[in-house]
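# Architecture and fold: a report
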Amino acid sequence: TSKTPTCIYLSHRGIRAANVPIIPGIPLDVDFSKLKKPLVIGLTKDAESLVEIRLKRLKMLHEKQKSDYVDFRKVQEEVRAARRLFSKLGCPVIDVNRKSIEEISGEIITLLSKRALMKEIEDKKK
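In this report, the structure presented in the accompanying data block is examined. (Residues numbered from 1 in each chain as written. Predicted model: local features only at pLDDT ≥ 70, side-chain atom pairs only at ≥ 80, totals over all residues. Heavy atoms only, no water.)

### What to know about the overall build of the protein
Stated formally: Numbering of helices and strands runs from the N terminus, with a helix taken as a DSSP run of H or I at least four residues long and a strand as a DSSP run of E at least two residues long. Here the term buried applies to any residue with accessible area under 20% of the maximum for its type, exposed to any over 50%, and partly exposed to those in between, with areas from a 1.4 Å probe on protein chains only. Any two residues having at least one pair of non-hydrogen atoms within 4.5 Å are treated as being in contact. The protein chains shown are the only cover counted for residues, whose accessible areas, like all others here, come from Shrake-Rupley with a 1.4 Å probe.
The secondary structure content of the protein amounts to four helices and two strands. Start at the N end of the protein and walk to the C end: the helices and strands fall as α-β-α-α-β-α. Each of the three principal axes of the protein carries a C-alpha extent, and together these read 60 × 30 × 25 Å. Within the span of the protein, comprising 126 residues, buried residues form 21% of the whole. Counting only contacts in the protein whose residues sit at least 6 apart along the sequence, the fraction spanning at least 24 positions is 64%. Total accessible area on the protein is roughly 9600 Å²; 55% of this is exposed by carbon and sulfur atoms.

### A short note on the nonpolar core
What counts, and what does not: Side-chain atoms within 4.5 Å are what join buried Ala, Val, Leu, Ile, Met, Phe, Trp, Tyr and Cys residues into a set we call a nonpolar core.
Membership of the largest hydrophobic core is limited to seven residues, which are L10, I15, L43, I94, V96, I104 and I108. Not counting residues within four places of it along the chain, the set of residues in contact with I15 comprises L10, I109 and L112. Counting residues in hydrophobic clusters, the runner-up holds five residues, among them A47, V51, V75 and V79.

### What about the state of the cysteines?
Where we set the bar: In what follows, a disulfide is any cysteine sulfur pair within 2.5 Å.
Inspection of the entire model under this criterion finds zero disulfides. Unpaired in terms of disulfides, C7 finds its nearest cysteine sulfur in C91, a separation of 14 Å. A residue is classified by how much of its surface remains accessible, and C91, at 12% relative accessible area, is buried.

### Brief notes about the pattern of salt bridges
Selection criterion: Salt bridge, as used here: a side-chain nitrogen of Lys or Arg that lies within 4 Å of a carboxyl oxygen of Asp or Glu.
Considering all chains together, one arrives at seven salt bridges under this definition. Among the salt bridges present, the one from E120 reaches K124, with a minimum N-O distance of 3.7 Å. With E120 and K124 both in helix α4 (residues 101-125) and four residues apart, the pair spans about one turn of that helix. Here the salt bridges share partners, and the residues they tie into one network are E77, R80 and R84.

### Comments concerning helix α2 (residues 47-60)
What counts here: The span you would expect from a helix comes to 1.5 Å times its residue count less one. Comment: arc refers to directions from the helix axis out to C-beta atoms. A 3.5 Å cut-off defines polar contacts: any pair of N or O atoms within that distance qualifies, except that in protein one atom must be a possible hydrogen donor and the other a possible acceptor, and neighbouring residues in sequence count only when both atoms are side-chain atoms.
Here α2 spans 20 Å end to end across 14 residues, near enough to the 20 Å set by a 1.5 Å rise per residue. Taken as a whole, α2 has its buried residues at A47, L50, V51, R54 and L58. Considered in projection along α2, the buried side chains sweep an arc of 95° and stay on one side of the axis. Turned more than 90 degrees off the buried face of α2, the exposed positions are E48, K56, K59 and M60. For α2, the N-terminal capping position is held by D46, with its side-chain oxygen 3.2 Å away from the main-chain nitrogen of E48.

And the structure:
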């Protein structure tokens, strides 16, 4: 879902960002409550595109053995599980299909700006 390149792009814009991979069968190892003002954003992509990317990655690594990593049904379930997690976390979700890193980052920057504006409005009410 372009997590790493998006984080690198955002860092060049002065935004601290980290990516948390969602791996089936492995619980998230992040305590969001310990982070200062986190904005958690879910990135999602359709299963077909993910399988295509993963197959290219395996080919580049000269890996010939097929696995759940590129099994279409398993990847579909991964995508559904990620969407359930995003819903549970109550975080915004960006569909990264057919979007450049710059477009994805622009959406994230917009979400950060909206959050800052809402905080400013709340502070003025106090």
